[in-house]
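# Remarks on the overall topology
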Amino acid sequence: MKKLFLCLVLVSGFILCTATPNNRQRLLMDINWRFSQTDTVGAAKTDFNDSKWRTLNLPHDWSIEKEFTEKETTGGGGGYLPTGVGWYRKHFTLSKSVTEKNVWIEFDGVYQNSDVWINGHHLGHYPNGYMSFYYDLTAYIKSGENIIVVRVDNSRQPNTRWYSGSGIYRHVWLTLVDQLHVAHWGTYITTPVADSSTATVSAKTIIGNNYKTSNDFLVRSTVLDSKGNEVSKTESSISIESNKGAELTQRLTVSTPSRWSIETPNMYSLRVQIIDRGKVIDEVATPFGIRDIKYDVVKGFLLNGKRVKMRGVCLHHDAGSVGAAVPEAMWVRRLKILKEMGCNAIRTSHNPVAPEFLDLCDRMGFLVQDEIFDEWKAGKVKYGYSNYFDNWSQHDLVNFIHRDRNHPSVVMWSAGNEIGEQKQETGHEILKPLIETFHREDATRPVTTGNDNIAADNGSAKLPFLQMLDIVGYNYVDRWHERRELFYDIDHHDHPEWKMVGTESVSISGVRGNYHGGSFYKVDSSVIRPAHLPSVIRAEQLWKFVAAHDYVIGDFMWTGIDYLGEARWPNKNASSGVIDLCGFPKDAYYFYQSQWTEKPMIHLFPHWNWTGKEGKVIPVMVFTNCDTVELFLNGRSFGKKSLEFPRQGNSGGWNKYDRPQINITTGDLHLLWDVPYEPGTLKAVGRKEGKVVCEEAVRTAGMPAAVRLSTDRNSINADASDVAHVKIEVVDANGNVVPVAKNQIQLSVEGEGSLIGFDNGNPADHTSMKSNSRKVFNGLALAVIQPKNQPGGIHIKASSPGLKESIIEIITQKSVSAFTKVEELKK
């Protein structure tokens, strides 16, 4: 096996490596790659003619550019999109001075089975499609033109249970360092003391010396606050022999620290400088947070001494219309929507995520259960990771931990999801070395796995396996027998020493705007219902148990957002999310918002466009955190209904209460009315303690009259990581969205931007995600607009036969990037 290293990653908001002439430079290598999806003999050679290949910028996912086909070999697991083999070639120029440095190329993610060459020399093969990796180029670079070649082989299908994407779908970097330098993932920062008055920062730094002589030098470590002010500093002298490495541990004290939390995600940075004879020859700045985490068998999870219930979602790595090549701004929007729902925790299902995703979780205040594997030796699909587990699992695990362990958002590791070994007699023997590696490389966080066979009839998870876990993770805790009512209670009684978390649980799944009976695959249009009540009640009862029992650390429901794959034709994506592929909230989103937020809210559904159903009784549902809601149709009251959770008991004496008593009308967490349909306005008015605090109305919309465009960003940076999301709505003459509209929309994008994704959230729509023409789905669609490299304007026009068109303009402004492109390197 050729020596392979893994890369250190960071994105906007923090600069890991400064770019002054005397220390390391971290250069973005995303632009002007040449690409071919023909498996060409000789393409790795330096003299190969690639002039007729397509020129593109990274990140790139070639599968999402293709058509959905029922007979595709990826099947429903892969979203019915083609894969295959692809070649990438990158020409770049280096000066003679660069050849005197150590040079690494870093890939944040390539799916999958990649081979990399530099100037015709084969650097190595790497099978993992999700983990970041890097190669040392030092011995093979030259002054003048250099050529990197990457072959990506995603042809063997199936190799995953969900949509993976194909290609170099994450960023690529070139790092230049002095021969005496901080190693990759060479800093490890913990905060063993992190109270409100003082914090102790422990910093371990690995330093490599590739000079031919021993070196005596100084290591200066400085803690900087979010404004760049120095708050603590220490220095140590060290000597390293030629071609050796050493680890240095330093301790720093920070007075009255601004601690990291969900509400106030304060960040610090540790700047490590290597100083040789008074000159800084290497410098690395690593973001970190000062926080204290504890897990307790009675109290659950404590952050900075405060009990916090994890209100979590599971997320896959794709983003709908752009596939796996997700611009950072798309994750910003999606995470904001989840934050507004009250979500505070994310499980990275079921693989290492893009490095910038964790950076966003740090800055936006999310707790992360960081997961690495979906399978070990017991495979789930023919060409899955089980084929590589024996040779690569420890290698991948160590680098996964080293890459992610400085993120304050990461509070729990997951060694795997629904692993087959959980129910094998010797399964714990496979788990043991994984647990040992986690504990050796990071002793500050506990380890779990998502177990779906606890108490299963068809082979239950074995006790030695579960007892080896720091935290026992439950996938669908209520699945088997009496656990539908008792949940965790049986195991809490039998194993009071266990710490427990819901690693994956039911949500209220469904298709946005679908209010008919039947299933995803066979709709019964004769039945009108606001939601599938059995799934609503199941999710409600689960949350009531989790919320009421402190020992349950929290719950991660499946899923926060719809994702490509894991589907059955004609559907191309799973619809388990409470947010659709476009990022539009479904009704279920508001159930969790009603339980996870305090700001008064009310959500009323279904829509009120039921032509031909006049007089038919329509069930009307409300999710709310108000205690009482009154429903009106065209001004006529249909009565008040009330709920309360948790219900308050007596306080200070019999029949006395701290707050006004609520005369509840249901023990559920939703309210329901039966209303004979007539066109007009349906309105719900919410009250708390008798006072009106919020209301919501749905109106009968008229015929489609116009297309309406709006955007979340009127101005964006001229940088490929930034995007604007353009919402397309079909509205009536009064501006009401027509909730049953399915008009065909034609998009035109001109100027300093391009359309990189266009979707409507309909799982059964097989229109290409790159088409500029598609139907709205239940009145809505979403376009993703990416800027070019020049400032200017982007003009977007949406038209549809018989409807008034809409035009908006987005301004692109000059980007001030934290990173230099390799093309900008001084020759």
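See the structure above.
In this report, the structure presented in the accompanying data block is examined. (Residues numbered from 1 in each chain as written. Predicted model: local features only at pLDDT ≥ 70, side-chain atom pairs only at ≥ 80, totals over all residues. Heavy atoms only, no water.)

For Asp765, the position within the fold is in the loop between strand E44 (753-759) and strand E45 (773-775). Of note is the side chain of Asp765, whose polar atom sits 3.1 Å from the side chain of Arg774. With residues near it in sequence (within four places) discarded, Asp765 still touches Lys572, Asn760, Arg774 and Lys775. (Helix = DSSP H or I, 4+ residues; strand = E, 2+ residues; numbered from the N terminus. Polar contact = N/O pair within 3.5 Å; in protein donor to acceptor, adjacent residues only side chain to side chain. Contact = heavy atoms within 4.5 Å.)

Below, the discussion takes up the pairing of strand E1 (residues 25-28). On a regular strand, each side chain points to the face opposite its neighbour's, so the side chains alternate between the two faces of the sheet. Burial along E1 is two-sided: the face carrying Gln25 and Leu27 and the face carrying Arg26 and Leu28 are both buried. With four bridges joining them, E1 and strand E10 (residues 172-177) adopt antiparallel strand pairing. Each residue of the ladder has a partner; that of Leu27, found in E10, is Leu174. Direction of pairing for E1 relative to strand E49 (residues 820-821): parallel, over a ladder of two bridges. What sits directly across from Leu28, in E49, is Lys821. (Buried < 20%, exposed > 50% of the residue type's maximum accessible area, 1.4 Å probe, protein only. Pairing = 2+ DSSP bridges.)

Looking now at helix H3 (residues 389-404). Summarising burial for H3: 12 of the 16 residues are buried, a large majority. Among all positions in H3, only Phe389, Trp392, Ser393, Asp396, Leu397, Val398, Asn399, Phe400, Ile401, His402, Arg403 and Asp404 are buried. Where the residues of H3 are buried, they touch strand E7 (121-126), strand E11 (180-194), helix H2 (355-364), strand E23 (367-371), strand E24 (410-417) and helix H4 (427-441).

Turning our eyes to something else, we now look at unusual backbone geometry. With an omega dihedral of -5 degrees, the bond running from Leu58 to Pro59 counts as a cis peptide bond. That bond from Tyr111 to Gln112 is cis: its omega, -20 degrees, falls within 30 degrees of zero. Among the secondary structure elements, Gln112 is positioned in the loop between strand E5 (102-107) and strand E6 (114-118). A positive phi angle, close to 50 degrees, is found at Trp185, a residue other than glycine. Note on placement: Trp185 falls in strand E11. Exposure remark for Trp185: the relative accessible area of 2% places this residue in the buried category. Positive phi is not limited to glycine here, since Asn634 has a value of about 50 degrees.

With that settled, consider the packing of aromatic side chains. Going through the model one piece at a time under the given rule, you end up with 33 aromatic pairs. An angle of 20 degrees between the planes, with centres 5.6 Å apart, marks the rings of Trp87 and Trp117 as stacked. Residue Trp87 is located in strand E4 (residues 84-94), and its partner Trp117 is located in strand E6; the two are separated by 30 residues in the primary sequence. Look at Trp87 and you get buried, because its relative accessible area is 5%. Trp117 gets classed as buried once you look at its relative accessible area, which sits at 14%. With 5.1 Å between their ring centres and 65 degrees between their planes, Trp608 and Tyr677 make a pair best called edge-to-face. Here Trp608 is found in the loop between strand E33 (602-605) and strand E34 (617-624), whereas its partner Tyr677 is found in the loop between strand E37 (671-676) and strand E38 (681-688), with 69 residues between them in sequence. Note on Trp608: relative accessible area 0%, which makes it buried. Here Tyr677 falls in the buried class, since its relative accessible area comes to 3%. In textbook terms, an aromatic cluster arises when at least three aromatic residues are bridged by ring pairs, as seen for Phe373, Trp376, Tyr385, Tyr388, Phe389 and Phe465. (Phe/Tyr/Trp six-rings, centres within 6.5 Å; stacked < 30°, edge-to-face > 60°.)

Let us now look at the packing of H3 against H4. One way to put it is that H3 packs onto H4 with a least axis distance of 9 Å and a crossing angle of 25 degrees. What the angle tells us is that H3 and H4 run roughly parallel. Taken as a pair, H3 and H4 cross one another with a handedness that is right-handed. Residues Phe389, Gln394, Leu397, Val398, Phe400, Ile401 and His402 of H3 form the contact with H4, whose own contacting residues are Ile430, Pro433, Leu434, Thr437, Phe438, Arg440 and Glu441. When grouped by side-chain class, the residues that make up the contact of H3 with H4 number nine nonpolar, three polar and two charged. (Axes fitted to C-alpha atoms, helices over the stretch in contact; angles between N-to-C directions. Parallel < 35°, antiparallel > 145°, perpendicular 65-115°, else oblique. Left-handed = near helix turned anticlockwise from the far one by under 90°. Nonpolar A, V, L, I, M, F, W, Y, C, P; charged D, E, K, R; others polar.)

Let us now look at the sheet that holds strand E20 (residues 306-307). Strand order in this open sheet of three strands is E18-E19-E20, and the pairing throughout is antiparallel. Of all strands in the sheet, those with a lone pairing partner are strand E18 (293-296) and E20, marking the two edges. Summarising the sheet, E18 and strand E19 (residues 300-303) pair through four bridges and their orientation is antiparallel. Bridged to Ile293 within E19 is Leu303.

Let's shift gears to the sheet that holds E11. Reading across from one edge, E11-E12-E15 is the order of the three strands in this open sheet, with antiparallel pairing throughout. Bordering the open sheet on either side are E11 and strand E15 (244-255), each of which pairs with just one other strand. Between one strand axis and the next, the sheet turns by 20 degrees as a mean value, whatever way the strands run.

So, on to the pattern of salt bridges. Tallying each qualifying case throughout the model produces 40 salt bridges. Close ionic contact of Arg271 with Glu230 constitutes a salt bridge, the shortest N to O distance being 2.9 Å. Here Glu230 lies in strand E14 (residues 230-240) and Arg271 lies in strand E16 (residues 268-276), a separation of 41 residues in the sequence. (Salt bridge = Lys/Arg side-chain N within 4 Å of Asp/Glu carboxyl O.)

This part is about the packing of helix H1 (residues 328-341) against helix H9 (residues 587-596). Look at H1 against H9: their axes get within 8 Å of each other, and the N-to-C directions meet at 55 degrees. The orientation of H1 relative to H9 falls into the category oblique. Contacts between H1 and H9 involve Ile337, Glu340 and Met341 from the former and Tyr589, Tyr592, Gln593 and Trp596 from the latter. In terms of residue class, the contact of H1 with H9 is built from five nonpolar, one polar and one charged.

Across its 15 residues, H4 extends 22 Å between first and last C-alpha, which sits within 8% of the 21 Å expected from 1.5 Å per residue. Every buried residue of H4 is listed here: Gly427, Leu431, Leu434, Ile435, Thr437, Phe438 and Glu441. Mapping the buried residues of H4 onto a view down its axis gives an arc of 160 degrees, with all of them on the same face. For H4, the exposed residues set more than 90 degrees away from the buried face come down to Glu429 and Arg440. Packing partners of the buried residues in H4 comprise E11, H3, E24, strand E25 (447-451) and helix H5 (463-468). (Expected span 1.5 Å × (residues − 1). Arc of directions from axis to C-beta.)

Of all eight residues in strand E42 (residues 724-731), seven are buried; the element is thus mostly enclosed. By the bridge criterion, six bridges tie strand E40 (residues 706-711) to E42 in an arrangement that is antiparallel. By the bridge assignment for E42, Ala706 is matched with Val731. As judged from the six bridges shared by E42 and strand E46 (residues 780-787), these two strands associate in the antiparallel manner. The residue bridging Lys727 from the neighbouring strand is Leu782, located in E46.

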